[in-house]
Amino acid sequence: MEIQNTPFLRLVANQKKIDAESTKEYTLQNPEEAMELKQIVEDVLRVNEGETIYSIANQIAVQGNTKNSCILHDATTTENIKKGYAITISDLSEQQIKDIKRVIYELHHKHSTPVNPSNPVNPDNPVVNPDPDNPVVNPDPDDPVVNPDNPSTPASDDVDAALDKFFEYVHSKNGSITKETGITRTQLVMLTKNDDREEDFGYFFSQLNKIFNVLDSNSNSTLSADEIKVIITNNPELINNMVDIQKGVIASDSEQANSVERAYQAKIEEFAAQIQTQFSAMTLEQKKAFVIARTEEYFNASGMTDQAQALARLKAANKIAYDDLNSGNGDGSRTLGVYLYYLNSSGTSWYSDDDEGDGPGGMFLDINMARDPSTKWYDLVEVMVHEVTHATAYLHPTNLPKWGEHVAYQAGEDYLDSVSEGAWWGFKELDEIREHIATYYSQKDVDLEPNWAWWTYQA
């Protein structure tokens with residue numbers, strides 16, 4: 001990439017080339033000029049108090065060095081800059097070197113054109129730019145980007161080392177995962193199912209799964225090394241340290257581990273917020289389509305074939321709709337979703353979810369929950385997962401416990417666990433679900449607890 005209007009860029013970088021050996025040789029051969037160049041930089045910063053090297057260089061790159069410049073207003077300094085000298089690394093402070101390298105990095109990473117906000121949202125595969133203000137682009141592959149926080153090491157080397165470490169770790173958990181194959185949605189969801197590990201180690205896999213669709217730029221349900229790279233390019237230590245915590249190199253209950261986990265979670269939330277922003281701006285029908293698509297993805301990734309079939313059936317019959325599920329509700333409780341079905345005359349098996357004389361049948365989401373812009377997209381997906389589990393009734397018409405409240409709540413909780421949003425600690429799920437049903441449901445529902453190990457807690 002050729003940058004125009006570059007007198008200052010030449011000054012600070014010798015036309016983008018910072019090489020310790022060549023600059024050292026230059027300094028030995030030209031000691032007087034080296035000192036003069038050092039003074040030029042000092043003068044620029046002194047004359048332009050309150051500015052930074054970046055803001056000065058940026059103005060020159062954008063506007064050119066003109067007499068109307070609001071920054072460079074010292075005639076002597078301006079004239080010296082126009083000469084286009086190379087700066088001498090050995091004569092600058094560490095902070096000045098860091099500032100200069102940041103100039104080069106920033107000027108080589110032009111912002112991409114933002115997505116047109118008027119473009120319609122595709123709820124099945126929303127287009128999300130992970131960081132529109134700082135896109136990950138190396139415009140010149142022959143001129144590796146310098147990491148401004150670690151000038152001696154190219155950022156790409158740090159990132160590749162972090163990716164190697166990440167894939168080495170996940171390979172130890174699932175031997176079919178390698179850096180070359182990437183990690184599929186199914187593999188990542190399976191890794192989230194170890195409740196204790198996720199809770200003890202910052203929800204490492206489930207946090208990553210929460211933003212799967214942001215990272216999966218080609219929508220092939222597999223995260224390649226390059227796609228995972230997006231989240232760590234500016235801070236490879238996020239992955240390095242999280243892997244070290246998982247391996248026990250850093251004690252999981254240490255202050256350092258807590259700090260690393262918070263940083264990792266904060267980075268994930270930056271990406272997740274973009275999904276939420278898109279979701280909040282959708283129409284009700286777009287939201288429904290989005291939630292259905294995410295639910296399908298989860299069922300397929302988790303191997304929940306009964307639920308996948310039931311959801312396909314409901315879609316084909318157009319039996320997924322909105323309704324005001326809390327109209328006139330004065331007891332303080334709130335219904336988020338329902339699956340309305342009919343039992344046979346004996347009340348012992350599923351009969352139908354067709355519309356009957358006393359009302360419609362099928363699945364309904366609370367319209368007020370969907371309208372609320374603060375409603376999280378994953379909370380609506382959890383409602384869908386729960387209710388579709390009830391809708392597997394047609395597959396097991398006489399086995400009510402198979403599609404009752406216990407398994408429905410566990411299915412919903414497992415989904416939330418997969419995106420690091422579970423309501424209960426894993427080892428408490430069994431008791432919490434039982435208590436919740438005993439508090440808010442009829443004795444019949446309590447009695448319908450399956451007589452097998454229906455809970456999914458994994459230590």
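If you're wondering where the values come from, they're calculated on a predicted model, not measured in any experiment.

A word on the overall build of the protein chain
- Across its full length, the protein chain holds 21 helices and seven strands.
- For the protein chain, the residues scored as buried account for 46% of the 459 residues in total.
- Taken as a whole, the protein chain presents about 22,600 Å² of accessible surface, with 48% of it coming from carbon and sulfur.

Quick look at the environment of T456
- Assignment of secondary structure puts T456 in the segment after α21 (443-447).
- Taking relative accessible area as the criterion, T456 reaches 31% and is therefore assigned partly exposed.
- Taking the C-alpha atoms as reference, T456 lies 7.3 Å from Q410; in sequence the two are 46 residues apart.
- Once residues lying within four places of it in the same chain are set aside, the contact partners of T456 are D195, Q410, D414 and E429.
- A polar contact is formed between the side chain of T456 and the side chain of D414, at a distance of 2.7 Å.

Overview of the pairing of strand β7 (residues 362-366)
- Of all five residues that make up β7, five are buried, and the element is covered over most of its length.
- Where strand β4 (residues 337-340) lies against β7, four bridges are found, and the strand directions are antiparallel. Residue pairing for β7: L340 is matched across the bridge by G362.

Notes on the nonpolar core
- With 75 residues, the main nonpolar core has F204, M384 and Y415 as its most contacted residues.
- With near-sequence residues (within four places) excluded, Y415 lies in contact with Y298, W377, Y378, V381, E382 and V385.

A few points about the packing of helix α14 (residues 255-280) against helix α15 (residues 284-302)
- Where α14 contacts α15, the axes come no closer than 9 Å and their chain directions differ by 140 degrees. Relative to α15, the element α14 lies oblique. Contacts from I275, F279 and S280 in α14 reach K287, F290 and V291 in α15.
- The residue inventory of the contact of α14 with α15, partitioned by class, reads four nonpolar, one polar and one charged.

Let's talk about the sheet that holds β7
- Taken together, three strands build an open sheet; the order of strands is β3-β7-β4 and the sheet is mixed. Strands with a single pairing partner mark the edges of an open sheet, and in this sheet they are β3 (320-323) and β4. Sheet twist, expressed as the mean angle between neighbouring strand axes with direction ignored, is 30 degrees.

Points about the confidence of the model for the protein chain
- With 65% of its residues at a pLDDT of 70 or more, the protein chain has an overall mean of 78.
- In this model, residues 1-29 is a region of pLDDT below 50 whose contacts with residues beyond four sequence positions or in other chains number 61 contacts.

So, α15
- Helix length check: α15, at 19 residues, gives a terminal C-alpha distance of 27 Å against a target of 27 Å (1.5 Å per residue), a fit within 8%.
- Positive phi shows up at G303, right after α15, with a value of about 70 degrees.

What about unusual backbone geometry?
- Even without a glycine there, the phi angle at S221 is positive, about 60 degrees.
- Assessed through its relative accessible area of 33%, S221 is described here as partly exposed.

Thoughts on the environment of D216
- Of note, D216 is situated in the loop between α11 (212-215) and β2 (222-223).
- Under the relative-accessibility criterion, D216 is labelled buried at 4%.
- When the C-alpha positions of D216 and D226 are compared, they lie 9.9 Å apart, and in sequence the two are ten residues distant.
- When residues no more than four places from it in sequence are discounted, the contact partners of D216 are R185, S221, T222, L223 and E227.
- A polar side-chain atom of D216 sits 3.3 Å from the main-chain amide nitrogen of N220.

What counts, and at which threshold
- Residues numbered from 1 in each chain as written.
- Predicted model: local features only at pLDDT ≥ 70, side-chain atom pairs only at ≥ 80, totals over all residues.
- Heavy atoms only, no water.
- Helix = DSSP H or I, 4+ residues; strand = E, 2+ residues; numbered from the N terminus.
- Buried < 20%, exposed > 50% of the residue type's maximum accessible area, 1.4 Å probe, protein only.
- Areas by Shrake-Rupley, 256 points an atom, 1.4 Å probe, with all protein chains shown as cover.
- Contact = heavy atoms within 4.5 Å.
- Polar contact = N/O pair within 3.5 Å; in protein donor to acceptor, adjacent residues only side chain to side chain.
- Pairing = 2+ DSSP bridges.
- Core = buried A, V, L, I, M, F, W, Y, C linked by side-chain atoms within 4.5 Å.
- Axes fitted to C-alpha atoms, helices over the stretch in contact; angles between N-to-C directions.
- Parallel < 35°, antiparallel > 145°, perpendicular 65-115°, else oblique.
- Nonpolar A, V, L, I, M, F, W, Y, C, P; charged D, E, K, R; others polar.
- pLDDT = per-residue confidence, 0-100.
- Expected span 1.5 Å × (residues − 1).

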